[in-house]
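The primary structure of each chain is shown beneath.
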Amino acid sequence: AEWGEWYYAVSNSNGLTHMSGADGDVRSKFTSTGALDNSADPNFRAINDRYPVFGLSVDYGSVGTSSVNSVFSLFLSQRDSIQFDDTGSGVQPVQSLWATQYANDLDALSALYGNFRDVFNGCVSLDSKVTTDAVAAGGQDYLTIVSLAVRQMFAAFQVAGTTANPYIFMKEISSNGNMNTVDVIYPLMPAMLYFNPSWFKLLLNPIFQVQDDGQWLQPYAIHDIGLHFPNATGHADGVDGYYPLEECGNMVIMALAYAQKTGDTGYLSQHYALLKQWTGFLVDMALIPANQISTDDFAGALTNQTDLALKGIIGIQAMSVIANMTGNAADGANFSSIATSYIAQWQNLGIAQNANPPHTTLSYGQNDTHGLLYNLYADALVQTHLVPRSVYEMQSDFYPTVANEYGVPLDTRHVYSKNDWEMWCAAISNADTRSMFIGTLAKWIGATSTGGPATDLFDTVTGGYAQQAGLPAFQARPVVGGWFSLLALNATGIPA
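Residues numbered from 1 in each chain as written. Predicted model: local features only at pLDDT ≥ 70, side-chain atom pairs only at ≥ 80, totals over all residues. Heavy atoms only, no water.

### Quick look at a nonpolar patch on the surface
A contiguous nonpolar surface patch, about 570 Å² in accessible area, is contributed by Trp-6, Tyr-8, Phe-54, Phe-72 and Leu-74. The residue Phe-54 is located in strand β3 (residues 52-58) in this model. (Patch = residues over 30% accessible without salt bridge, like charges linked within 9 Å, V, L, I, M, F, W, Y side chains within 5 Å. Areas by Shrake-Rupley, 256 points an atom, 1.4 Å probe, with all protein chains shown as cover. Salt bridge = Lys/Arg side-chain N within 4 Å of Asp/Glu carboxyl O. Helix = DSSP H or I, 4+ residues; strand = E, 2+ residues; numbered from the N terminus.)

### Focus on the packing of aromatic side chains
Under the defined criterion, the tally for this structure stands at 28 aromatic pairs. For the pair Phe-298 and Tyr-416, a centre-to-centre distance of 5.7 Å together with 65° between the ring planes defines the contact as edge-to-face. Note that Phe-298 is positioned in the loop between α9 (272-285) and α10 (306-325) and Tyr-416 in strand β12 (residues 416-418), a separation of 118 residues in sequence. Take Phe-298 and Tyr-416: they sit in the same class, and that class is buried. Ring-pair connections join several aromatic residues into one group, and the members of that group are Phe-154, Phe-157, Tyr-194, Phe-195 and Phe-484. Cation over ring: Lys-443 sits above Tyr-406, and NZ or CZ is 5.7 Å from the ring centre. A cation over an aromatic ring shows up here: Arg-477 above the ring of Phe-474, its NZ or CZ 3.9 Å from the ring centre. (Phe/Tyr/Trp six-rings, centres within 6.5 Å; stacked < 30°, edge-to-face > 60°. Buried < 20%, exposed > 50% of the residue type's maximum accessible area, 1.4 Å probe, protein only. Lys NZ or Arg CZ within 6 Å of the ring centre and 35° of its normal.)

### Things to note about the pattern of salt bridges
Within the structure shown, the criterion is met by 15 salt bridges. For the salt bridge of Asp-411 with Arg-413, the shortest nitrogen-to-oxygen distance reads 2.9 Å.

### Considerations on the side chain of Thr-433
Structurally, Thr-433 is set in helix α15 (residues 431-447). Judged by its relative accessible area of 2%, Thr-433 falls in the buried class. In this structure, Thr-433 is in contact with Ser-396, Tyr-399 and Pro-400, ignoring residues within four places of it in sequence. (Contact = heavy atoms within 4.5 Å.)

### Quick look at the environment of Ile-185
Structurally, Ile-185 can be placed in helix α5 (residues 182-195). Taking the relative accessible area as the measure of exposure, Ile-185 reaches 0% and is therefore buried. Along the sequence, Ile-185 and Ser-294 sit 109 residues apart, while their C-alpha atoms lie 14 Å from each other. The contacts of Ile-185, once residues within four sequence positions are left out, are Met-170, Asn-180, Phe-200, Leu-203, Leu-204, Ile-207 and Met-254.

### Here's the deal with the packing of α5 against helix α6 (residues 197-212)
Put simply, α5 and α6 touch, their axes get as near as 8 Å, and they point 160° apart. Relative to α6, the element α5 is oriented roughly antiparallel. Each of Val-182, Ile-185, Leu-188, Met-189, Met-192, Leu-193 and Phe-195 in α5 lies in contact with α6, whose residues at this interface are Pro-197, Trp-199, Phe-200, Leu-203, Leu-204 and Ile-207. Residue composition of the contact of α5 with α6, by class: 13 nonpolar, no polar and no charged. (Axes fitted to C-alpha atoms, helices over the stretch in contact; angles between N-to-C directions. Parallel < 35°, antiparallel > 145°, perpendicular 65-115°, else oblique. Nonpolar A, V, L, I, M, F, W, Y, C, P; charged D, E, K, R; others polar.)

### Observations concerning helix α7 (residues 244-262)
Under the 1.5 Å per step criterion, the end-to-end length of α7 is 27 Å for 19 residues, consistent within 8% with the ideal 27 Å. Within α7, 16 of the 19 residues are buried, which leaves the element mostly enclosed by the surrounding structure. A positive phi of about 80° marks Gly-263, the residue just after α7. (Expected span 1.5 Å × (residues − 1).)

### Quick look at the sheet that holds strand β6 (residues 92-95)
Sheet architecture is open: three strands sit in the order β6-β5-β9, paired in mixed fashion. Two strands lie at the open edges of the sheet, namely β6 and β9 (231-232), each paired on one side alone. Two elements, strand β5 (residues 80-84) and β6, share four bridges in a ladder whose sense is antiparallel. Following the sheet pairing, Ile-82 is matched in β6 by Val-94. (Pairing = 2+ DSSP bridges.)

### Some remarks on the environment of Gly-61
By secondary structure assignment, the location of Gly-61 is in the loop between β3 and β4 (72-77). The exposed category is assigned to Gly-61, whose relative accessible area is 53%. Through-space distance from the C-alpha of Gly-61 to that of Gly-15 is 7.9 Å; in sequence the pair is 46 residues apart.

### Brief notes about the side chain of Thr-450
Along the chain, Thr-450 falls in the loop between α15 and β13 (457-459). Given the relative accessible area of 15%, Thr-450 is considered buried. In this structure Thr-450 touches Trp-444, Thr-455, Gly-463, Gly-464 and Tyr-465, once residues within four positions along its chain are discounted.

### Quick word on the packing of α10 against helix α11 (residues 329-350)
The interhelical angle for the contact between α10 and α11, taken along N-to-C directions, is 160°, at an axis separation of 7 Å. Taken together, α10 and α11 sit at an angle that is classed as roughly antiparallel. Here α10 runs over α11; the crossing is left-handed. Facing Thr-306, Ala-309, Leu-310, Ile-313, Ile-316, Gln-317, Met-319, Ser-320, Ala-323 and Asn-324 of α10, the residues of α11 in contact are Ala-329, Asp-331, Gly-332, Phe-335, Ser-336, Ile-338, Ala-339, Tyr-342, Ile-343, Trp-346 and Gly-350. Its residues placed into classes, the contact of α10 with α11 shows 13 nonpolar, seven polar and one charged. (Left-handed = near helix turned anticlockwise from the far one by under 90°.)

### Describing α6
Given a rise of 1.5 Å per residue, 16 residues ought to cover 22 Å, and the 22 Å separating the end C-alpha atoms of α6 matches this to within 8%. Taking the largest bend as the criterion, α6 deviates by roughly 35°, centred on Leu-204, and proline Pro-206 comes between one and four positions later. With 12 of 16 residues buried, α6 is to be regarded as a mostly interior element. Restricting attention to buried positions, one finds in α6 the residues Pro-197, Phe-200, Leu-202, Leu-203, Leu-204, Asn-205, Pro-206, Ile-207, Phe-208, Gln-209, Val-210 and Gln-211. (Bend = angle between axes of the 7 residues up to and from the residue.)

In structure tokens, the structure reads:
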């Protein structure tokens, strides 16, 4: 963090001592005396100049059979956290939500210590729920997977605004720092729907707002709301990443998913004009996609992407559902008719019918190619009931035939994969294929040579980072929320 104040704290007690200074001096003092000397080093300097540290020590005295503990906390105070136009009067600082609740930083710290036991018990309860639900849905291996995702996903969020008008802002970590990137929110959607669907709206609100307010002049959905965190300053000039089919489909599907989980049809009515506008773009582009990139932009642009086309077609049917939920029956019938026609044509264009076994292609007509058909998950999630069961069965039977030691490649261009998309495919596969996806990902977690926070882009042969010139070593990205794919569905497996 490049701004704010850090607090390193512990509850006061008779045995508490502290000391700042060179790391060797502070550690030597403690190891030689069992305490620190309450001195402060006033010589502020670079971190590599005799490594300044700040130490806290608590002397418990003689400890008997009862447990003794202390709570040490590291608190970053960023009262002004985001640059955003949340009033229509221009870009201005938006406070962190917590900062609107406490007069100063020490009040916030005091509240942490005063409520620590309740907060701790709440965390234990949440972990217990995730454990129970994950094991029930996918066994111990699935628990291994999702247990790594919870805090990594939420760590990318900044909750800001006021209790009356809250927002969640998100950083696209370890790529370019974009804010509230639509195609990064889309893969983490399952976790938000599982944990708290009402919070999902707080992620979507800033995206809708900049477009409702006329801060985006293109007919298709925006890619992000700011180039670099924490500046959600939009793209009023109309210049942003060009992901038209990707983001239009994502926004329509996500809006419907939120409304279905919460019953908030008013949200759909509020944004109906934009959603219908974006669906018009899908009608024009989805069946025969022009040369463009998808969310997997690192893999390059491609014409007639089979999976990207499917996203758009499902998005059209999702808009039909939205129209019917909001009293727009004529729109509902029209969009459903278009989607039904498109999905029939899509099966002729995007399936290698004569392959053994048959499967969808990476791009229309390229029958020697294949890829993860992860956008099929949306059909099951928002229950558009558009894609025939036979497509689910076909893909489920196909994936094990192209699996490597640590998973199924994203497509035939490379041996790397995206494990968020793998888990989307797992959730809508038969039991054996689902176990294959879960088992290889759990195996990768135990064997990978990657260090640090979990990566979502990895080599399915070596288990290391994806090996391609120019590819970033993705780390700590919130897209691991996609690992909760099984827990967001009403029922896992191939839809009836």
